[in-house]
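# Commentary on secondary and tertiary structure
One letter stands for each residue in the lines below.
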Amino acid sequence: MKGLMQDGPLMISSLIQIGADVYGGSEVVSVVAGEGVVRHTYRDINKRAKQLAQALQSAGIGMTDRVATLAWNDHRHLEAYYGVSGMGAVVHTINPRLFPEQLIYIINHAEDRILLTDPMFLPLIEKIIDNCPKLEKIVAMCTAENLPESSLDIIAYEDFIGGFDGNYTWPEFEETAASSLCYTSGTTGNPKGALYTHRSTVLHALMAGTPSVTGTGSNTTLMPVVPMFHVNAWGQPYYAPLTGSKLVLPGPGLDGASLYNIIHAEGVTNTAGVPTIWLNLLKHTREVEGNLDVLEHVIIGGSAAPSAMIEEFQTTYGTQVVHAWGMTEMSPLGSSGVLPPHIEKTATEAEKFDLKVKQGHRVWGVDMKIVDDEEVPQPHDGKARGHLVVRGPWIISSYYNNHDANEKAFTKDGWFYTGDIATIDPDNFLQLVDRSKDVIKSGGEWISSIDLENEAVGAAGVGEAAVIGVAHPKWDERPVLVIVPEDSDNPPSEDSIRDHLSTRIAKWWMPDLIVFRNEIPHGATGKILKTDLRDELKDVLQDAG
Ligand code: ADP
């Protein structure tokens, strides 16, 4: 017997519409290059997103056509999230830090017809435009006065939408229609596309915008520092209007001082981003002897949050860390470090801290298991390690137009291979051992590069640390530790780092070599680019015995 409830499609536009109808007075504060701080409400954003929908329609864009963005976090990008998906087209958020060849590849692969871009990226587009034959129109996300000189045929965003009145009703269509497209940053091979649906995005927003997953409440001010081109800014632009939260979009200035100032100026209570960003914020806060009193929750993900960072946020500044894990293929959230009430009430501070360092527990909607090479499930005992596989309604069922990638991405029973190796404990807390391609195979045993890096950044004078496996004549691979000193004029000694590590890691994990660098290469999403380090250091242990 079927139930007797009405059916209605879950539409992304409904999120901004409830924002306008009920939380219309909540602010969207946006830092825009060349314009400074710009203030709108959800009511304004809904209207402007509708104007954009009308403008796209009149430019001939229809259902499922791809409209790309190349932009930092600001209100126009937010309008694109809603305007493009809301009218039935697909918003393809592009990472401007990709190499030109990768940009050309994904623009052509996605068959983008219109590109909405921050003016600062026009020189980049000038270089690649001849290789993107399907691109019909370029809209610079600025006012007419701020439109820069360019050899391209461009129109200012405000002119593009300015002739339309926003008198538009969001259409309803199938909730499984494609809504947005994001490519993985592709540190190996070409980027692969995750094509989200209205349904997957709305369900993800309902899950993520809750206290038990992200600490989002009814009086929260959210600031996604994670860029809106990096997996939907982890969902914040979607759950902000749904929860009525004030939204702060910080624009391109992501240095420690800019973030510190905007957190205080706008009363940001919840923010989200990768560890590198928080290193800068903490460094600045220390330097100015400031505080982070307003900041209640910081979501850290994308790479492992080092325990020293978690400790500093929580103990020194009273900001709760939500260590989260996810990926482009998962919209992205798969786990959250908000402690369940029974643990919050009964665990000791030390036990709670140990859990915070893990990558959190699975969230509603995501099933997880770890399997061995033959896909046999391993126990959730916190010890057994395995390939982490997942399934759920906001996880890809296949990559977009990529037969080769699909072949290897799923288990025989259809679970998605995350490419991560993990343990899961009896409380369903996940701990990443490593990415399958980063784990160091030494004499048949595994060494976790994540654990080693985590310990190394806790040593005095260490700013950043990366561990890679380097070919070794006897052990197959051995760890090499690359250190960026906090202060390049006064680097820590190799001995002091080894002393620090010796009490914290198994003896056979000790790196064979410690290398000092003034900088470590970062990939397009701010993560350490180990491929470059591996290439550079591949022969350094060749003569070891
Ligand atoms: P890419 O790095 O390929 O662009 P994603 O941003 O989707 O793509 O990265 C997903 C991967 O990032 C995960 O599979 C995992 O290896 C890593 N990751 C994400 N969050 C964490 C975390 N909290 N701790 C450790 N690794 C993480």
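Located above this text is the structure these notes cover.
Below: a short report on this structure. (Residues numbered from 1 in each chain as written. Predicted model: local features only at pLDDT ≥ 70, side-chain atom pairs only at ≥ 80, totals over all residues. Heavy atoms only, no water.)

Helix and strand content of the protein: 18 helices and 26 strands. A globule of 545 residues ought to have a C-alpha radius of gyration of about 24 Å, and the protein, at 23 Å, matches this closely. Within the protein, residue pairs in contact and separated by at least 24 positions form 67% of the contacts whose partners lie at least 6 positions apart. Here the protein displays about 22400 Å² of accessible surface, and carbon together with sulfur accounts for 49% of that area. Measuring between centres, the 42 positive side-chain charges of the protein sit 4 Å from its 71 negative side-chain charges. (Helix = DSSP H or I, 4+ residues; strand = E, 2+ residues; numbered from the N terminus. Rg over C-alpha atoms; globule rule 2.2 N^0.38 Å. Contact = heavy atoms within 4.5 Å. Areas by Shrake-Rupley, 256 points an atom, 1.4 Å probe, with all protein chains shown as cover. Lys, Arg positive; Asp, Glu negative; His and termini not counted. Charge placed at Lys NZ, Arg CZ, Asp CG, Glu CD.)

The sheet built from seven strands is open, its strands ordered β2-β1-β11-β10-β12-β13-β14 with mixed pairing. In the strand order of this sheet, the two ends are held by β2 (36-41) and β14 (320-323), each with one partner. Neighbour-to-neighbour, the strand axes of the sheet open up by a mean angle of 20 degrees, direction not taken into account. With four bridges connecting them, strand β12 (residues 270-273) and strand β13 (residues 297-300) associate as parallel partners. When the bridges of β13 are listed, G273 appears paired with I300. The strands touched by helix α3 (residues 75-86) are β1 (27-32), β2 and β11 (246-249); relative to β1, the strand with the most contacts, the crossing angle is about 120 degrees. (Pairing = 2+ DSSP bridges. Axes fitted to C-alpha atoms, helices over the stretch in contact; angles between N-to-C directions.)

The full count for this structure, using the stated rule, is 31 salt bridges. Linking R48 and E79 is a salt bridge whose minimum nitrogen-to-oxygen distance equals 2.7 Å. Of this pair, R48 sits in helix α2 (residues 42-58) while E79 sits in helix α3; the two residues are 31 residues apart in sequence, bridging distant segments of the chain. Across the pair, exposure class does not vary: R48 and E79 are buried alike. Here E111 and K134 are joined by a salt bridge, their closest N and O atoms 3.2 Å apart. A residue pair is termed long-range when its members are at least 10 positions apart, and E111 in the loop between α4 (100-110) and β5 (112-117) and K134 in the loop between α5 (122-128) and β6 (137-140) qualify at 23 residues. Overlapping salt bridges, with partners in common, bring together E35, R48, R76, E79 and E158 in one network. (Salt bridge = Lys/Arg side-chain N within 4 Å of Asp/Glu carboxyl O. Buried < 20%, exposed > 50% of the residue type's maximum accessible area, 1.4 Å probe, protein only.)

With that settled, consider the environment of F353. Considering the arrangement of structural elements, one finds F353 in helix α14 (residues 349-357). Each C-alpha atom of the pair F353 and S307 lies 8.5 Å from the other, and the pair is 46 residues apart in sequence. Ignoring sequence-local partners within four residues, the contact set of F353 consists of S307, I310 and E311.

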